[in-house]
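Here are the chains, one letter per residue:
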Amino acid sequence: MTDLTRLTLAEARDGLRAKRFSSEELTRAHVAAVEGARALNAYVLETPERALEMARASDARLARAEAGPLEGLPLGIKDLFCTEGVRTTACSRILGDFTPAYESTVTSQLWRDGAVMLGKLNNDEFAMGSSNETSCFGPVVSPWQRQGTEGAAATQLVPGGSSGGSAAAVAAHLCLGATATDTGGSIRQPAAFTGTVGIKPTYGRCSRWGVVAFASSLDQAGPIARTVEDSAILLRSMSGHDPKDTTSADLPVPDFEAACRRGVRGLTIGIPKEYRLDGMAAEIAALWDQGTAWLRDAGAKVVEVSLPHTRYALPAYYIVAPAEASSNLARYDGVRYGIRVPDRDIARMYEGTRAAGFGREVQRRIMIGTYVLSAGYYDAYYGRAQRIRTLIKRDFDEVYAAGVDAILTPATPSAAFGIGEKGSADPVEMYLNDVFTVTVNMAGLPGIAVPAGFDKQGLPLGLQLIGRPFDEETLFAAGQVIEDAAGRVRLPEPWWQ
Ligand code: GLN
């Protein structure tokens, strides 16, 4: 039999329904792949027994023709999603062996639709990072490598972050698709770094209930998958109104899979001039021009647009996100969750617990967040950042009001970098990875990253499409056009086994 891990999620779904193989066979193939890929550190917890039990239940439902939309399909779950009875850590020491007594709404919808859980995936601690190097479980190693010149050893690369485990697992065929979260780019940037597809839906499309909070007004769940169609299938199951999350939108969930086949004829695509940064790498600029040409050839009208407040987005994000994080992370005090470092009084117990439990990047964010929210500095920093956020949102509103259906930009300013190569001396160097993605979270819009080409070292590069609120369908339609034109990425052969 062919290697079942090589199928797309859509192919696996159709194969199960046609009884070409069972979910148990499909799941066993993935469990073996996961076990053979521990060198990548993508999974922080493997749950093979649960997976096989879920697969056998799926096979029984398939036999009775009661299959759900994701029946029998093995997935990986970012460790930011609470899973009932299964350790959930957000990859922070402070959560210790926290085992939730409840299931996040998004994952419960996946299981409702028949999906199988392979385990929990690595991420940056509390989803703070762009390289998956801040996890308390150590960095994820990308399945992509930078080849050495003249016989030198290959360089190990980051898969991006914070959903680095999700992106690496999908790219290395260690699951058919994965859940991820995106506060400033954490779905789209790792997707771009690994030649996979990632969509951050509109704020409110997916419930945040049971997802460990980073910055609540920016956080959204979404899928990472190997094709645009697979990401559409997954997002449909993940979406929908949830009375337990007051910010979740009470709107019908469209058939995203059907939207992939719509094409772009008659659509207007905006190219924002402010995203053409000074000193932009020539290959990124060329990729962007190529994407523009593909959409035009497929029948879209392309216009230049202006988003004048773009240059303030990154600094404003790095005030708003830490501010919300410092407030959300106040709950980890050694009393109710995770680890505790006992001491002679409660204040010392809090301090000792938080000093031991939080990593450096998380501590930095808490310090920035409490500073910008403090009485003397609130107006100067947080208040201004919020006003900038409004202006960023207004820029997008005006472009869409003028008839633009979606906006095309690069997904990242570069291809993946080496482990340990960036940010150790200057954290801002790491933050710059998010220049093209944070505006989308600040405005609450949907954004998809689709692989579109390679840099001169053969590493994948992605393009981003940004849509109107709750119009993910146009992103799937245009994303499919890019995928068809670029050709599906040939993912790396397993050197890690
Ligand atoms: N890299 C950004 C940050 O560190 C975004 C992270 C995310 O989207 N979760 O804040």
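### Re the pairing of strand β2 (residues 74–78)
Taking burial as the measure, the 5 residues of β2 include 5 buried ones, the bulk of the element. Residues Pro74, Gly76 and Lys78 of β2 are buried on one face, and the alternating residues Leu75 and Ile77, pointing to the opposite face, are buried as well. Here β2 pairs with strand β3 (residues 116–121) via 5 bridges, running parallel. Looking at the pairing, proline 74 lines up with valine 116 of β3. Assessed by its sense of winding, the connection that carries the chain from β2 through helix α4 (residues 105–112) to β3 is right-handed.

### With respect to the environment of proline 190
Position of proline 190 among the secondary structure elements: in helix α6 (residues 188–194). With a relative accessible area of 0%, proline 190 lands in the buried category. When the C-alpha positions of proline 190 and threonine 412 are compared, they lie 9.4 Å apart, and in sequence the two are 222 residues distant. Once you skip the residues sitting within four places of it in the chain, proline 190 turns out to touch Pro159, Gly160, Gly161, Ser163, Ala167, Gly185 and Thr196.

### Describing the pattern of salt bridges
Side chains that carry opposite charge are capable of pairing whenever their charged atoms lie near each other. Summed over all chains, the structure comprises 23 salt bridges. Here lysine 393 ties to aspartate 397 by a salt bridge, and the two come within 3.2 Å at their closest N and O atoms. Residue lysine 393 and its partner aspartate 397 are both found in helix α13 (residues 379–401); the two are separated by 4 residues, about one turn of the helix. In this structure lysine 393 comes out as partly exposed when scored by relative accessible area, which is 31%. Each of the salt bridges in this network shares a partner with another, and the network as a whole consists of Arg13, Asp14 and Glu257.

### Some points on the packing of aromatic side chains
Summed over the entire model, instances satisfying the criterion amount to 18 aromatic pairs. Between tyrosine 371 and tyrosine 377, the ring centres sit 4.5 Å apart and the planes meet at 25°, which makes this aromatic pair stacked. Aromatic pair tyrosine 378 and tyrosine 382: ring centres 5.3 Å apart, planes at 55°, arrangement tilted. Among the aromatic side chains, those forming a connected cluster through ring pairs are Phe98, Phe126, Tyr332, Tyr337 and Phe358. The ring of tryptophan 209 is capped by lysine 244, whose NZ or CZ atom sits 4.1 Å from the centre of that ring.

### Focus on the site of the ligand
Neighbouring residues of the ligand: 15 residues in total, closest Thr183, Gly184, Ser186, Tyr317 and Arg365. A distance of 2.7 Å is found between an oxygen atom of the ligand and a side-chain nitrogen or oxygen belonging to tyrosine 317. Separating a nitrogen atom of the ligand from a side-chain N or O atom of aspartate 434 is a distance of 2.9 Å. Of the residues belonging to the shell around the ligand, the class tally is 5 nonpolar, 7 polar and 3 charged.

### A short note on a nonpolar patch on the surface
Together, Val335, Ile346 and Tyr350 line one region of the surface with nonpolar side chains, adding up to about 260 Å² of accessible area. Of note, tyrosine 350 is situated in helix α11 (residues 346–357).

### What to know about unusual backbone geometry
Of note, the bond from glycine 161 into serine 162 is cis; its omega dihedral lies within 30 degrees of zero at 5°. Within the secondary structure layout, serine 162 lies in the loop between β5 (155–156) and α5 (164–171). Unlike most non-glycine residues, alanine 127 shows phi in positive territory, near 65°. The topology assignment puts alanine 127 in the loop between β3 and β4 (145–146).

### Looking at α4
Across the 8 residues that make up α4, a large majority, 6, are buried. Inspection of α4 places Thr105, Val106, Thr107, Gln109, Leu110 and Trp111 among the buried residues, and these make up the whole buried set. The elements touched by buried residues of α4 are α3 (48–63), β2, β3, β6 (177–182), β8 (220–225) and α7 (228–238). Two residues or fewer past α4, glycine 114 is found with a positive phi of approximately 100°.

### A closer look at the side chain of aspartate 455
Assignment of secondary structure puts aspartate 455 in the loop between β12 (447–454) and β13 (460–467). One buried charged side chain, aspartate 455, makes no salt bridge at all; its nearest oppositely charged neighbour is lysine 456, positioned 6.5 Å away. Within polar-contact distance, the side chain of aspartate 455 engages the backbone nitrogen of glutamine 457 at 2.9 Å. Beyond its immediate sequence surroundings of up to four residues, aspartate 455 is in contact with Glu283, Ala415 and Leu461.

### Regarding the side chain of aspartate 113
Within the element layout of this structure, aspartate 113 appears in the loop between α4 and β3. In this structure the side chain of aspartate 113 is engaged in a polar contact, spanning 2.9 Å, whose partner is the side chain of arginine 112. Setting aside residues up to four positions removed in sequence, aspartate 113 forms contacts with Gly68, Pro69, Leu70, Glu71 and Ser237.

Criteria and thresholds
Residues numbered from 1 in each chain as written. Predicted model: local features only at pLDDT ≥ 70, side-chain atom pairs only at ≥ 80, totals over all residues. Heavy atoms only, no water. Buried < 20%, exposed > 50% of the residue type's maximum accessible area, 1.4 Å probe, protein only. Helix = DSSP H or I, 4+ residues; strand = E, 2+ residues; numbered from the N terminus. Pairing = 2+ DSSP bridges. Right-handed = clockwise from strand over helix to strand, strands pointing away. Contact = heavy atoms within 4.5 Å. Salt bridge = Lys/Arg side-chain N within 4 Å of Asp/Glu carboxyl O. Phe/Tyr/Trp six-rings, centres within 6.5 Å; stacked < 30°, edge-to-face > 60°. Lys NZ or Arg CZ within 6 Å of the ring centre and 35° of its normal. Near = heavy atom within 4 Å. Polar contact = N/O pair within 3.5 Å; in protein donor to acceptor, adjacent residues only side chain to side chain. Nonpolar A, V, L, I, M, F, W, Y, C, P; charged D, E, K, R; others polar. Patch = residues over 30% accessible without salt bridge, like charges linked within 9 Å, V, L, I, M, F, W, Y side chains within 5 Å. Areas by Shrake-Rupley, 256 points an atom, 1.4 Å probe, with all protein chains shown as cover. Lys, Arg positive; Asp, Glu negative; His and termini not counted.

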